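A structural walkthrough
The chain contents come next:
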Amino acid sequence: MNKKLTFLGIETSCDETAAAIIQENKDGSPKILSNIVSSQIEEHKKFGGVVPEIAARSHIENIDFIINRALKESGVSIKNIDGVAATAGPGLIVCLTVGLSIGKTIAGFLNKPFIAVNHLEGHALSPGLENKINFPYLLLLISGGHSQYLIVKNVNEYKQLGTTIDDAVGEAFDKTSKMLDLGYPGGPNIEKFAKKGDKNFYKLPEPIINKAGCNLSLAGLKTAVLREVKKINNKNQLKFHLAASFQETINKILRKKTLVAMEQFRKITKIKNTAVFVIAGGVAANKSIRKSLVNVSEDMNFKPIFPSQEFCGDNAAMIAWAGIKRYKRKLIDSLDIKAKSRWPLDESAPFMKGPGLKL
Ligand code: KG4
Ligand code: ZN
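Residues numbered from 1 in each chain as written. Chains lettered and ligands numbered in written order. Predicted model: local features only at pLDDT ≥ 70, side-chain atom pairs only at ≥ 80, totals over all residues. Heavy atoms only, no water.

Take the site of ligand 1 next. Among the 19 residues in the neighbourhood of ligand 1, the closest are listed as G144, D174, G187, E191 and G282. One of the backbone N or O atoms of G144 is found 2.8 Å from an oxygen atom in ligand 1. Coverage of ligand 1 by the protein chains reaches 85% of its 550 Å² of free accessible surface. Elements that contribute at least two residues to the shell around ligand 1 include exactly α4 (119–125), α5 (169–179) and α6 (186–194). Here the shell around ligand 1 takes four residues from α6, the largest share from any one element. Residues that form the shell around ligand 1 fall into these classes: four nonpolar, twelve polar and three charged. For the shell around ligand 1, the domains that each give at least three residues are domain 1 (5–129 + 311–328) and domain 2 (137–306). (Near = heavy atom within 4 Å. Polar contact = N/O pair within 3.5 Å; in protein donor to acceptor, adjacent residues only side chain to side chain. Areas by Shrake-Rupley, 256 points an atom, 1.4 Å probe, with all protein chains shown as cover. Helix = DSSP H or I, 4+ residues; strand = E, 2+ residues; numbered from the N terminus. Nonpolar A, V, L, I, M, F, W, Y, C, P; charged D, E, K, R; others polar. Domains from an automatic or database assignment.)

Taking strand neighbours across the sheet as the criterion, the five strands line up as β8-β7-β6-β9-β10 in an open arrangement whose pairing is mixed. The strands lining the two open edges of the sheet, one partner per strand, are β8 (157–163) and β10 (302–305). Between one strand axis and the next, the sheet turns through 25° on average, direction left out of account. Of the pairings in the sheet, the one linking strand β9 (residues 275–280) to β10 comprises four bridges and is parallel in character. Its bridge partner lying in β10, V278 is registered against I305. The strands touched by helix α9 (residues 287–299) within the sheet are β6 (137–142), β9 and β10, with β10 carrying the most contacts at an inclination of about 160°. (Pairing = 2+ DSSP bridges. Axes fitted to C-alpha atoms, helices over the stretch in contact; angles between N-to-C directions. Contact = heavy atoms within 4.5 Å.)

Reading across the sheet, the five strands line up as β3-β2-β1-β4-β5 and stay open at both edges, with mixed pairing between neighbours. On the outer flanks of this sheet lie β3 (30–39) and β5 (114–118), each paired with one strand and no other. When the angles between neighbouring strand axes are averaged without regard to direction, this sheet yields 20°. Pairing between strand β1 (residues 5–11) and strand β2 (residues 16–24): seven bridges, direction antiparallel. Paired with T6 across the bridge in β2 is Q23. On the sheet, helix α2 (residues 52–74) packs against β1, β2 and β3 and is oriented at approximately 25° with respect to β2.

See below:
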């Protein structure tokens, strides 16, 4: 394809209303013409978490404005876009439906191709917005809803190595912050208050750290935090110690599981020299996690790549980019596609939640 491609991306899977215009240069590199994200943090703060109905209503109220701003800032007229990409899952159906419907409407009205993007593929390919990376690479996707190790073999081709069997890493941060009354969203607050505490003060459990490959389990850690919270009587210094110890435990678990995932990656791909390790999703913004995963990468001859902060959290630039990549592989969707709350990147991976799970 020898033409510049310009895509509108739309993202409304959770609590960010986002639109972006991305252009692919002739050499295959991206140009970010606009990337607008409107966060609903203030609306959900008082509830300590995302309330789906409030999130959906807020998307409906804002989406036209956000798309228009993205177009205006990019300087591109809507009739000159080459396609529309919108997140179709996984996420909250009431939220996904807002962005998906408007994306399909625009594409249908303009008679342009429509691409239904898996939000996780958006995160998986997001480092491509800033770096030229060759496939395959190892991906750790750590967000509010997902925590997975995957081999990114190509666009639309993923092998899941491990996943969480209960809580996602971001979810564990959010719940811990809520228990400690440190505010919402939990991740950035735990990170901030952890700096004031002693990370070795509490010895917290590290569930399945030495078994089940690179699968993760965090529910037991959360229960242990709750037990300690009940004993600390709102004493601030103990809260900070608990935040720091929680973050350190997550770091220990991720270090160990990353080693296992790296070994599995090398065994499967047979790559012996330096390989790429991408860490994406909202939790990848955490500086202490970044530092510890950089250390593991150095030890294991991997080159760590973190998207910059604006592309770690939810955004539509990554959705537009995934849309362009899928379009080039002729992965175009019909306008009757529906939103999906569950949509694994590796459809062949075993479902790792629920009773009867054997590790
Ligand atoms: O990728 P994302 O924006 O949305 C989802 O797809 O889930 O990730 C949001 C998650 C939240 O759980 C939030 O607490 C967490 O990322 N997060 C962090 C940090 N910043 C955001 N977790 C730990 N440390 C941070 N600095
Ligand atoms: Zn996300």
